[in-house]
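Structural characterization, general
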Amino acid sequence: MEASLRQRLDAGARAWLDGALADARRAAATGPEPAADAAPGARRPLPAWELAFAAAGRHCRAAATGAAPAPAPVPEAADAARVLLLHAARPDTGTLTRLYTRGSAAERRAVLVALPWLPVDDDGVPLVEDALRANDTRLVAAAVGPYAAARLGAHAWRQAILKCLFTGVPVTAVAGLAERAAGDAELARMLRDYAAERAAAGRPVPDDLHHVLALTETHAGNGTDAAPHEETRS
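Small disclaimer: the values here were computed from a predicted structure and weren't measured.

Comments concerning the packing of helix α2 (residues 11–30) against helix α4 (residues 77–89)
Between α2 and α4, the shortest axis-to-axis distance is 7 Å and the interhelical angle comes to 25 degrees. In terms of orientation, α2 lies roughly parallel with respect to α4. In the crossing of α2 with α4, the sense of the turn from one axis to the other is right-handed. Touching Trp16, Leu17, Ala20, Leu21, Ala24, Arg25 and Ala28 of α2 are Ala81, Leu84, Leu85, Ala88 and Ala89, all from α4. Taken together, the residues of the contact of α2 with α4 sort by class into 11 nonpolar, no polar and 1 charged.

Below, the structure is given as structure tokens:
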């Protein structure tokens, strides 16, 4: 991602990115700064990398001319920069949660995209679940990435699939879809119920629903109606 991003930035933006990543790596190496003596209620200044995380939209823009095209599609320049900063800083769960809850939609997306590469174990699941309650389709798409595939319990993951269908997020955004949908009889039931509701209301059934339904029939003869991860989280 970093190499692709650099190809899209002008010299000034690349210099800004170098400095921001250096601050983030320094923060990861030294750990959280100790609390300094301050008046009661005073706020401690934010680390430089967190300020850069919030300011990425102003500084890390793709060059208008002269930048070589990226060899493969990458997130918008600011989104990619934020993900790189999170990967470099490796923030703890508290910091990550604060960045998500107080951040803009773009900053929340970056947190969700970065989750698979951060040391948060299951602590990032509440952030994914929060994003899946939103109606922002870009946020929903970011929430159903590799972290959700690995960490969401069966019920929450099934609801995430329905959320994608309901909001129009393409199921191609769902990481691990084929693996988790295979043989999932409960997901198949939910999909059929949803299709019946739409048909009864005179609404079209999304093509993606038929695609996911077909995936549930893969290996369906194994005698189980439990999706992968059924026992890991509920």
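Here the narrative resumes.
Regarding α4
The terminal C-alpha atoms of α4 lie 18 Å apart, and with 13 residues this matches the ideal 18 Å at 1.5 Å per residue to within 8%. Most of α4 is tucked away: 12 of the 13 residues are buried. Turning to α4, its buried residues number three or more, namely Ala77, Ala78, Asp79, Ala80, Ala81, Arg82, Val83, Leu84, Leu85, Leu86, Ala88 and Ala89. Here the buried face of α4 lies against α1 (2–7), α2, α3 (48–59), α5 (93–102), α6 (105–114) and α8 (137–143). Following α4 by one or two positions, Arg90 has its phi on the positive side, about 50 degrees.

Examining the pattern of salt bridges
Taken as a whole, this structure holds 16 salt bridges when the rule is applied. Here Arg138 ties to Glu76 by a salt bridge, and the two come within 3.4 Å at their closest N and O atoms. Here the residue Arg138 occupies a position in helix α8, and Glu76 occupies one in the loop between α3 and α4, the gap between them amounting to 62 residues. Residue classification places Arg138 among the partly exposed positions, given a relative accessible area of 40%. Its relative accessible area of 45% is what places Glu76 among the partly exposed residues. Close ionic contact of Glu186 with Arg189 constitutes a salt bridge, the shortest N to O distance being 2.6 Å. On the criterion of helical spacing, the pair formed by Glu186 and Arg189 is a turn pair, its members being 3 residues apart in helix α12 (residues 185–200). By relative accessible area, Arg189 is classed as partly exposed at 39%. Here the salt bridges share partners, and the residues they tie into one network are Glu76, Asp79, Arg82, Arg109 and Arg138.

Definitions and cut-offs
Residues numbered from 1 in each chain as written. Predicted model: local features only at pLDDT ≥ 70, side-chain atom pairs only at ≥ 80, totals over all residues. Heavy atoms only, no water. Axes fitted to C-alpha atoms, helices over the stretch in contact; angles between N-to-C directions. Helix = DSSP H or I, 4+ residues; strand = E, 2+ residues; numbered from the N terminus. Parallel < 35°, antiparallel > 145°, perpendicular 65-115°, else oblique. Left-handed = near helix turned anticlockwise from the far one by under 90°. Contact = heavy atoms within 4.5 Å. Nonpolar A, V, L, I, M, F, W, Y, C, P; charged D, E, K, R; others polar. Expected span 1.5 Å × (residues − 1). Buried < 20%, exposed > 50% of the residue type's maximum accessible area, 1.4 Å probe, protein only. Salt bridge = Lys/Arg side-chain N within 4 Å of Asp/Glu carboxyl O.

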